Amino acid sequence: MYKQHLRKTHRLPSVRKSPALIRGDVRHGYWLLIALLLLTVAGCRTALRPPGDTPSGTLNWSLEGVQDLPGLDPARAGNQQSTTVINLVFAGLVRLDGNLEVQPDGAESWQVSDDGRVYTFKIRPDLRFGNGDPVTAQDFSYSINRALTPTTGSFSAPAQLSHVLGAVDVAEGRAEYASGVRVLDDYTLEIELDEPQAFFLSQLTYPHTFVTPRQLIEQAGDDWTKTAYGTGPYMVAEWRPGEEIMLTANPHYWRGSPGIATVHFPFYEPSEEAYQHYRNGDLDIAGSGQNGIPAERVSEVKHLPDFRSSPALSVRYIGFNNQLAPFDNASVRKAFALAVDKQDLTERVLSETVIATNRILPDGLVGSRLAVRGQDFDPTGARSALNQAGYLGGHELPPVTFTYALEGDNSQVAQALYRYWRDHLGVEVTLEGLELQQFIQRLDETFYEPEQGLQMYLSVWSADYPDPHNFLSQQLHSSSPNNNGHWSNVAFDQLVDQADQMSRPNQHQERLQLYNQAEQVALDEVGWLPLYNPSITVLVRPTVQGLDFTPQGLVASDWTRVWIAGTTETTETTEDDAATVDTTSAD
């Protein structure tokens, strides 16, 4: 999954998700460290909009890096841009709050069996779709099974839900309904797993289990998302391909009337274009975790109260095709890793807008306090490793192509990497920049037909939920459908398999130690080459009230209390929206 744009999955050898991007979760006690990552608004008190008021105003929010959205079907959520919109239109059983903790949404409560395998959800009796139709447990069952069905073409549901009893049978076409998804009555849904999973509730915050309107889907067919509605705060009003999408407030939202009447998402492929529109007053929000404020522009705006920045729970990395020469040789992968000057890359090229890293787990993620040994910049060691692989001075090395998506700061990063490999290895690498959707397609091809795939590529992964499982098991296990580079190691697989099954609180530290050992194995063999942890950089007008800024991006704990100052009656607003971030964490 091009975290940048790919969506991840769990582990299911026969099911493949489209490589690409982002959503998170958490609770289980030890996720308290995430709360410490929250951005807090300093020196002010924000007036809350009274719930129930008539929605008013338009929020202009840019979507960078795309010319259009590939789709809005929650079951097929495939990139960060689509997921941003999906999360406003649709909703599931549970959601994330401003602390990135799991909270009730369509389900008002739930219980978990003593063995950690059976979850029983109570659906809100007043829950309705945007057209006013009531929502029952049967609608959730339909939506989950629909996401698993092969004809739906979900990239992530069959993999992430593979531990639900019967999910694999549905995903592989042997059954119509998963035996572990049971409707007990109109407002009670039961989900049974084949083994305990510490992160299951967190996975339910990702769109593939969001409830969808069966009647609209069956009536409109493939065009249903053009007028989509769910149980979220907004509905699709108009979608102009290649230009924009407009959302309007859902009059049947279970929390009450959203504070803002219309949300307008214009599409900007270059981040620079969105930045200029923000500076010209055309946008209320610009930037994201995937496509932040251009690095060279940060110095122009970092002093403004509009500017928000926080380390993201993501890692930008180089992936290698382990089934294509020369990167089927671990010494070659190590040579290319040791030749990269990450300090120069992050400080000079990216103007200190990111944080260099030698590890797969992003800083602040649970487990990231446990030490690992990465591949430090070592030109002499890089040449030695290349010689050890049999390519003295880079001679007789097959032609090497480095591929990346044309978005954000990727071109500057690619040019810098070209220089490092040329200067420190004597290797002239061919750079190949592709439009985002083409890049994602090529990653898919690399998974399915590695001999015809990419040799080496720039990718990114962001947390669907803040757990090492999401970065290790789901990305580098030999059977993972996200393992685009086909790196495989028996010891790694055994370690993460064991850790994945530990769900009891008293197993927490042992679980983290196993993930730590697995991460070290992957770093030693250069399964990935981690480069840096991106920062989420956004610009938000001080008039926009009620949004929380977190390491996962902008989150609204309650859209009925999000509003734009000056568009409705409020109590007292504040003058200072300057923000600080606490990145303290603890395991």
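Calculation criteria
- Residues numbered from 1 in each chain as written.
- Predicted model: local features only at pLDDT ≥ 70, side-chain atom pairs only at ≥ 80, totals over all residues.
- Heavy atoms only, no water.
- Axes fitted to C-alpha atoms, helices over the stretch in contact; angles between N-to-C directions.
- Helix = DSSP H or I, 4+ residues; strand = E, 2+ residues; numbered from the N terminus.
- Parallel < 35°, antiparallel > 145°, perpendicular 65-115°, else oblique.
- Left-handed = near helix turned anticlockwise from the far one by under 90°.
- Contact = heavy atoms within 4.5 Å.
- Pairing = 2+ DSSP bridges.
- Salt bridge = Lys/Arg side-chain N within 4 Å of Asp/Glu carboxyl O.
- Buried < 20%, exposed > 50% of the residue type's maximum accessible area, 1.4 Å probe, protein only.
- Polar contact = N/O pair within 3.5 Å; in protein donor to acceptor, adjacent residues only side chain to side chain.
- Phe/Tyr/Trp six-rings, centres within 6.5 Å; stacked < 30°, edge-to-face > 60°.
- Lys NZ or Arg CZ within 6 Å of the ring centre and 35° of its normal.

A. Quick peek at the packing of helix α10 (residues 330–338) against helix α12 (residues 379–388). Where α10 contacts α12, the axes come no closer than 8 Å and their chain directions differ by 160°. Relative to α12, the element α10 lies roughly antiparallel. Of the two elements, α10 crosses α12, and the hand of that crossing is left-handed. Counting all contacts with α10, which are made through S331, A335 and L338, the residues of α12 involved are P379, G381, A382, A385, L386 and Q388.

B. Spotlight on the sheet that holds strand β14 (residues 307–311). The strand order β13-β21-β14 describes an open sheet built from 3 strands, whose pairing is antiparallel. Every interior strand has two partners, whereas the edge strands, β13 (285–286) and β14, have only one. Examined bridge by bridge, β14 and strand β21 (residues 535–540) share 5 bridges and lie antiparallel to one another. For S310, the partnering residue across the bridge sits in β21 and is I536.

C. Spatial organisation of the pattern of salt bridges. Following the criterion strictly, the structure yields 21 salt bridges and no others. Where R146 meets D73, a salt bridge forms, and the shortest distance between an N and an O atom there is 2.5 Å. A residue pair is termed long-range when its members are at least 10 positions apart, and R146 in helix α3 (residues 137–148) and D73 in the loop between β3 (63–64) and α2 (80–89) qualify at 73 residues. This pair shows no difference in class: R146 is buried, exactly as D73 is. Where R442 meets E445, a salt bridge forms, and the shortest distance between an N and an O atom there is 2.7 Å. Of this pair, R442 and E445 are both found in helix α14 (residues 436–448), 3 residues apart, which corresponds to roughly one turn of the helix. On the accessibility criterion, E445 (27% relative accessible area) is partly exposed. What you see here is one network of salt bridges that share partners, running through D115, R117, R182, E190 and E192.

D. Focus on the sheet that holds strand β9 (residues 188–192). Sheet architecture is open: 4 strands sit in the order β6-β7-β9-β8, paired in antiparallel fashion. Either end of the sheet is taken by a strand with one partner, and the two such strands are β6 (107–112) and β8 (181–185). Put simply, the sheet's adjacent strands are angled 20° from each other on average, direction ignored. Sheet topology note: the β6/strand β7 (residues 118–123) ladder contains 5 bridges and is antiparallel.

E. View of the environment of N131. With respect to the secondary-structure elements, N131 resides in the loop between β7 and α3. With relative accessibility at 35%, the residue N131 sits in the partly exposed group. Along the primary structure N131 and N250 are separated by 119 residues, whereas in three dimensions their C-alpha atoms are 8.4 Å apart. Beyond its immediate sequence surroundings of up to four residues, N131 is in contact with Y229 and H252. Of the polar contacts made by the side chain of N131, one reaches the side chain of Y229; its length is 3.1 Å.

F. Quick peek at the pairing of strand β19 (residues 456–462). Among the 7 residues that make up β19, 7 are buried, leaving the element largely enclosed by the rest of the structure. Of the two faces of β19, the one carrying M456, L458, V460 and S462 and the one carrying Y457, S459 and W461 are both buried. In this sheet, β19 lies alongside strand β15 (residues 314–320) in antiparallel orientation, the contact comprising 7 bridges. Of the residues in β19, the one forming a bridge with I318 is L458. The pairing of strand β17 (residues 401–405) with β19 spans 2 bridges and is classified as parallel. By the bridge assignment, T403 is partnered in β19 with Y457.

G. A look at the packing of aromatic side chains. Scanning the model with the defined rule gives 16 aromatic pairs in all. The interplanar angle of 85° and the centroid separation of 5.4 Å between the aromatic rings of F447 and Y448 together place this pair among those described as edge-to-face. Overall, Y448 belongs to the exposed group, its relative accessible area being 52%. When the ring centre of W254 is taken as reference, the NZ or CZ atom of R124 above it lies at 3.7 Å. For the cation-ring pair, R541 lies above Y278, with the distance from its terminal atom to the ring centre recorded as 3.7 Å.

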